[in-house]
Amino acid sequence: MDKEQKKCMLCGKPTPLKGGICEPCQERVRREALGEQAGARAEADKELKKHGIIPDLKKGSDKRS
């Protein structure tokens, strides 16, 4: 019997899959998620500045003026 290759859930191309999504689509989703994460961080910093709190770039530092 012929083995039928599964199709990617995002692009529909018949390719070898890892978890239902092909490698190029996994990379695209990963880049998109990282971009959204960076945007959310920028938005949070902007909101903190509105309230007079200057966000530290270093994690774990507790400097108070």
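One can find the structure itself at the top, above this paragraph.
Heads up: these notes are all about the structure in this document. The structure displayed is predicted, hence computed values, not measured ones.

Here's the deal with the overall build of the protein chain
On a plain count of helices and strands, the protein chain comes out with one helix and zero strands. Going through the 65 residues of the protein chain one by one, you find that 8% of them count as buried. Taking as baseline every contact in the protein chain between residues at least 6 positions apart, the subset at least 24 positions apart corresponds to 0%. Carbon and sulfur atoms provide 55% of the accessible area of the protein chain, an area that totals close to 6300 Å².

Some points on the pattern of salt bridges
Enumeration over the complete set of coordinates arrives at two salt bridges. Ionic pairing is found between arginine 30 and glutamate 27, a salt bridge with its closest N-O pair at 2.5 Å. Remark: glutamate 27 and arginine 30 occur in helix H1 (residues 23-50); sequence separation between them is three residues, near one turn of the helix. Linking glutamate 47 and lysine 50 is a salt bridge whose minimum nitrogen-to-oxygen distance equals 3.4 Å. Remark: lysine 50 and glutamate 47 occur in helix H1; sequence separation between them is three residues, near one turn of the helix. Look at glutamate 47 and you get partly exposed, because its relative accessible area is 31%. By relative accessible area, lysine 50 is classed as exposed at 58%.

Rules used throughout
- Residues numbered from 1 in each chain as written.
- Predicted model: local features only at pLDDT ≥ 70, side-chain atom pairs only at ≥ 80, totals over all residues.
- Heavy atoms only, no water.
- Helix = DSSP H or I, 4+ residues; strand = E, 2+ residues; numbered from the N terminus.
- Buried < 20%, exposed > 50% of the residue type's maximum accessible area, 1.4 Å probe, protein only.
- Contact = heavy atoms within 4.5 Å.
- Areas by Shrake-Rupley, 256 points an atom, 1.4 Å probe, with all protein chains shown as cover.
- Salt bridge = Lys/Arg side-chain N within 4 Å of Asp/Glu carboxyl O.

Just distances and angles here, no functional claims.
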